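Each chain, letter by letter, is given below.
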Amino acid sequence: MSERIVVIGSNSFSGASFIAYCLSEGLQILGMSRSKEQIDAFLPYKWNKINKSNGSFKFEQLDLNRDTYGIVEVIRGFRPDYIVNFAAQSMVAESWQHPEHWYQTNVIGNVKLHDKLRHFDFLKKYVHVSTPEVYGSCSGKITETASFNPSTPYAASRAACDLHLRTFFNHYKFPVVFTRAANVYGPGQHIYRIIPRSILFIKLGKKIQLHGGGHSVRSFIHIRDVASATLKIAQAAPAGETYHISTDSYISIRQLVGMICNMMNGSFEECVEIVDERPGKDAAYLLDNRKLRDELGWKDSIGLEQGIRETIDWVSNNFTELKKQPLEYIHKE
């Protein structure tokens, strides 16, 4: 009998892509999100022949902030081996505008849920998908033991929940593990993110805004590599541990956009507009990923150029639908 996984935040890019990967591995998945399922272009688990028709996937519309009891009862009935939680208010710059919304979801909503989940003795592992933003701006590579130094309300809210879960592990032995992935991308990503946004804007003939000139350095990683790492961590990592999921390839946002322009035969000067930097923007967070590779034997397999070509193909194949979607992030309380 295949293992069962609950995915909280199943409408998110990472959540939907993780579901698609798990279904391809023959697992039974229950997804839940506060919103109804999105258009198929944003749900990778609907792109393959493996879908709800064979009973491998079920979706429940439940809100982390309003339906704690409902979520707990559905989980109790499903009896998953693992829970993977992608649900979060996740935009950095926008967290300055309504910080209380970020704390409500990323701290209060999660704490209420965790206090119920800790009683489930059937749960082998709870994977909390965190973020490198908790470290703030760092120099050099940082390990999983680096100190927290959040510089935005978003980052502070995520750090607070991580610390809360650490107390639950120490006191209750709650089987939590933490993941922190750097700059995930790939087909199906929402178009307000830099890679799909740049591709779509070039096709639309619109200017791509580079905040602060695009000098921030990042390590981008394809979503399928993140999904494979997340499943391996759920199944094999000891409780209480934290793992960085990243590649060892680094690129500035300016170089990244230049690469996309070249691949789409566009002129960087004609496609790009330089604008002011966002407040609290971290210059770099370069993650040391040796722990995941050495302890669990994981490795990434999709290079940046290949991944961008896949994303260009996805935008092109869904262009009619994608150009109708809002080009900016729309905040939901």
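Above: the structure in question.
On a predicted model such as this, the values are computed, not experimentally measured, just so you know.

Undergrad: Would you take a moment to explain helix H1 (residues 13-24) for this structure?
TA: For the α-helix, the turn length of 3.6 residues means that residues three or four positions removed from each other point alike. An ideal rise of 1.5 Å per residue puts 16 Å on 12 residues; H1 measures up with 17 Å between its terminal C-alpha atoms. Restricting attention to buried positions, one finds in H1 the residues Phe13, Gly15, Ala16, Ser17, Phe18, Ile19, Ala20, Cys22 and Leu23. The secondary structure elements touched by the buried residues of H1 are strand S1 (4-8), strand S2 (28-33), strand S3 (57-61), strand S4 (82-85), strand S8 (184-185) and helix H6 (223-236). Gly26 sits one or two residues past H1 and shows a positive phi near 85°.

Undergrad: What is the right way to look at the packing of aromatic side chains in this model?
TA: Geometrically, a pair of aromatic rings is defined through the distance of the ring centres and the angle of the planes. By the definition in use, this model includes eight aromatic pairs. A ring pair is formed by Phe120 and Phe122, whose centres lie 4.9 Å apart and whose planes are at 25°; its orientation type is stacked. This pair shows no difference in class: Phe120 is buried, exactly as Phe122 is. Taking the ring centre of Tyr172 as reference, the NZ or CZ of Arg118 above it sits at 3.9 Å.

Undergrad: Just to check I follow, could you spell out the state of the cysteines for this structure?
TA: Note on terminology: a disulfide is the covalent bond linking the sulfur atoms of two cysteines. Throughout the structure, instances matching the rule amount to zero disulfides. Considering cysteine sulfurs only, Cys261 is the nearest to Cys271, which forms no disulfide, with 4.3 Å between them. For Cys271, a relative accessible area of 12% translates into the label buried.

Undergrad: Sorry, what's going on with the side chain of His114 here?
TA: Take His114: it is sitting in helix H3 (residues 99-117). A polar atom in the side chain of His114 sits 2.7 Å from the side chain of Tyr126. Other than its neighbours up to four places away in sequence, His114 contacts Asn85, Tyr126, His128, Cys161, His164, Leu165 and Phe168.

Undergrad: I would appreciate a short explanation of the sheet that holds S1 in the present structure.
TA: Each strand in a sheet pairs with another by means of backbone hydrogen bonds, the pair being arranged parallel or else antiparallel. Strands sit in the order S3-S2-S1-S4-S5-S7-S12 across an open sheet of seven strands; the sheet is parallel. The outermost strands of the open sheet, each flanked by one partner alone, are S3 and strand S12 (242-245). Taken pair by pair, the neighbouring strands of this sheet meet at an average axis angle of 20°, ignoring direction. Sheet contacts for H6: S1, S4, strand S5 (125-129), strand S7 (176-181) and S12; angle to S5, the most-contacted strand, approximately 145°.

Calculation notes
- What you see as residue numbers is a count from 1 along each chain, following the sequence as written.
- Note on the predicted model: pLDDT of at least 70 is required for a residue's local features to be given, and 80 or more for side-chain atom pairs to be given and counted; whole-chain, interface and lining totals, by contrast, use all residues.
- Only heavy atoms go into the side-chain values, all of them from the structure, while hydrogens and water stay out.
- Helix and strand definitions here come from DSSP, where helices need a minimum of 4 consecutive H or I residues and strands a minimum of 2 consecutive E residues; each element is numbered from the N-terminal end.
- The span one expects for a helix is its residue count, reduced by one, times 1.5 Å.
- Each residue is assigned to one of three classes by its accessible area relative to the maximum for its type, calculated with a 1.4 Å probe on protein chains only: buried under 20%, partly exposed between the two thresholds, exposed over 50%.
- Two residues qualify as a contact provided that any one of their heavy atoms is within 4.5 Å of a heavy atom in the partner residue.
- We call Phe, Tyr and Trp rings a pair once their centres come within 6.5 Å, taking the six-membered ring for Trp, and we label the pair stacked below 30 degrees between planes, edge-to-face above 60, and tilted otherwise.
- Note on criteria: charge over ring means Lys NZ or Arg CZ within 6 Å of the ring centre, with the direction from the centre no more than 35 degrees off the ring normal.
- Two cysteine sulfur atoms make up a disulfide if the distance between them is within 2.5 Å.
- In protein, a polar contact means a hydrogen-donor-capable atom and an acceptor-capable atom, both N or O and within 3.5 Å, with residues adjacent in sequence counting only if both atoms are side-chain atoms; elsewhere, any N or O pair within 3.5 Å suffices.
- At least two bridges found by DSSP between two strands is the condition for calling them paired.
- The angle between two axes is taken between their N-to-C directions and runs from 0 to 180 degrees, where each axis is a line fitted to C-alpha atoms and a helix contributes only its stretch in contact.

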